[in-house]
Amino acid sequence: RAVVVGAGPIGVRRAGSLLDAGAEVTVVDPVPSVHAEALARRGARLVARGYEGREDLEGVMIAVAATGNPQVDGAVRRDADASGILCNVAADADACSVVFPSLLRRGPIVVAASTGGASPAVAARLRDHLARAVGEEWGALVELLGELRPGLRDRYPDSVDRRAAVDRLMDTDVMALLAADDTAGARRLAHTTLGIGR
């Protein structure tokens, strides 16, 4: 369970990240934004009032203070610290016991870039740089290999041999086929290269 105090742009982004990670999220804000209402449609619970203290943190694992008001954010941090709860203070990286990395998602692949809270802008820039190098075909490759995993494990019981087989596949045109959205062609090439049945 997680509580996000503040439904401005940063609070909404952090709440979205928590929802993506499978958290049960409550957003506390006197006037939830349209974006916060979109979070509610994704399963977040909206509480339309100000932060009321430690009671708002009962039973949670992580709290996010994102009101932009130093007094309120400080109170959330102090209450979280006193309760042994991880806390992210959006406006004060030094006050955080947890930071949110900038994430790049490609299907089942997740790449995280973090500066430890020192510069979220640099983390976002690094994520964008990586996004140019790690295209959607990487996610498609992992999905294909997941589909082929049982046959791959049967054909190559030893993990070293399995890795060598995947390396052989990576030396083919499989990535170009996936980048061209030719999943069927990539699947045929994988079966042939890996020596596993269809």
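Rules behind the numbers
Residues numbered from 1 in each chain as written. Predicted model: local features only at pLDDT ≥ 70, side-chain atom pairs only at ≥ 80, totals over all residues. Heavy atoms only, no water. Helix = DSSP H or I, 4+ residues; strand = E, 2+ residues; numbered from the N terminus. Polar contact = N/O pair within 3.5 Å; in protein donor to acceptor, adjacent residues only side chain to side chain. Contact = heavy atoms within 4.5 Å. Pairing = 2+ DSSP bridges. Axes fitted to C-alpha atoms, helices over the stretch in contact; angles between N-to-C directions. Parallel < 35°, antiparallel > 145°, perpendicular 65-115°, else oblique. Nonpolar A, V, L, I, M, F, W, Y, C, P; charged D, E, K, R; others polar. Buried < 20%, exposed > 50% of the residue type's maximum accessible area, 1.4 Å probe, protein only. Right-handed = clockwise from strand over helix to strand, strands pointing away.

A. Quick peek at the side chain of Asp-56. Within the secondary structure layout, Asp-56 lies in the loop between strand E3 (45–47) and strand E4 (62–65). One polar contact links Asp-56 to Arg-49, side chain to side chain, over a distance of 2.6 Å. If we ignore the near neighbours within four places in the chain, the residues touching Asp-56 are Val-3, Val-28, Arg-49, Gly-50 and Tyr-51.

B. Fine view of the side chain of Arg-106. Along the chain, the position of Arg-106 falls in strand E6 (residues 102–106). Separated by 3.2 Å, the side chain of Arg-106 and the backbone oxygen of Ala-131 make a polar contact. A distance of 3.3 Å separates the side chain of Arg-106 from the side chain of Glu-136, its partner in a polar contact. When sequence neighbours within four positions are dropped, the list of residues in contact with Arg-106 reads Ala-131, Val-134, Gly-135, Glu-136 and Gly-139.

C. Spatial organisation of the sheet that holds strand E5 (residues 86–89). Pairing in this open sheet of 5 strands is parallel, and the strands run E3-E2-E1-E4-E5 from one edge to the other. Every interior strand has two partners, whereas the edge strands, E3 and E5, have only one. Each strand axis lies, on average, 15 degrees off the axis of its neighbour in the sheet, ignoring direction. Relative to E4, strand E1 (residues 2–5) runs parallel, the two being bridged by 4 bridges. Pairing of Val-3 across the sheet is with Ala-63, part of E4.

D. Highlighting unusual backbone geometry. Phi angles above zero are rare outside glycine, and Asp-181 is one such case at about 65 degrees. Tracing the backbone through its elements, the reader meets Asp-181 in the loop between helix H7 (174–179) and helix H8 (183–194).

E. Structural view of the packing of helix H1 (residues 9–20) against helix H2 (residues 34–41). It is the contact of H1 with H2, at a shortest axis distance of 10 Å, that shows an interaxial angle of 10 degrees. When the axes of H1 and H2 are compared, the pair comes out roughly parallel. Across from Val-12, Ala-15, Gly-16 and Leu-19 in H1, the residues of H2 making contact are His-35, Ala-36 and Leu-39. A class-by-class count of the residues in the contact of H1 with H2 yields 5 nonpolar, 2 polar and no charged.

F. Fine view of the pairing of strand E2 (residues 25–28). Here E2 shows a buried face lined by Val-25 and Val-27 and a second buried face lined by Thr-26 and Val-28. Where E1 and E2 come together, 4 bridges link them in parallel fashion. When the sheet's bridge partners are listed, Val-5 is paired in E2 with Val-28. Following the backbone out of E1, through H1 and into the adjacent parallel E2, one traces a crossover that is right-handed. Two strands pair when backbone bridges link them, and E2 and E3 are joined in this way by 3 bridges, in the parallel orientation. If you follow Val-27 over to E3, its bridge partner there is Leu-46. With H2 bridging E2 and the parallel E3, this β-α-β connection has right-handed handedness.

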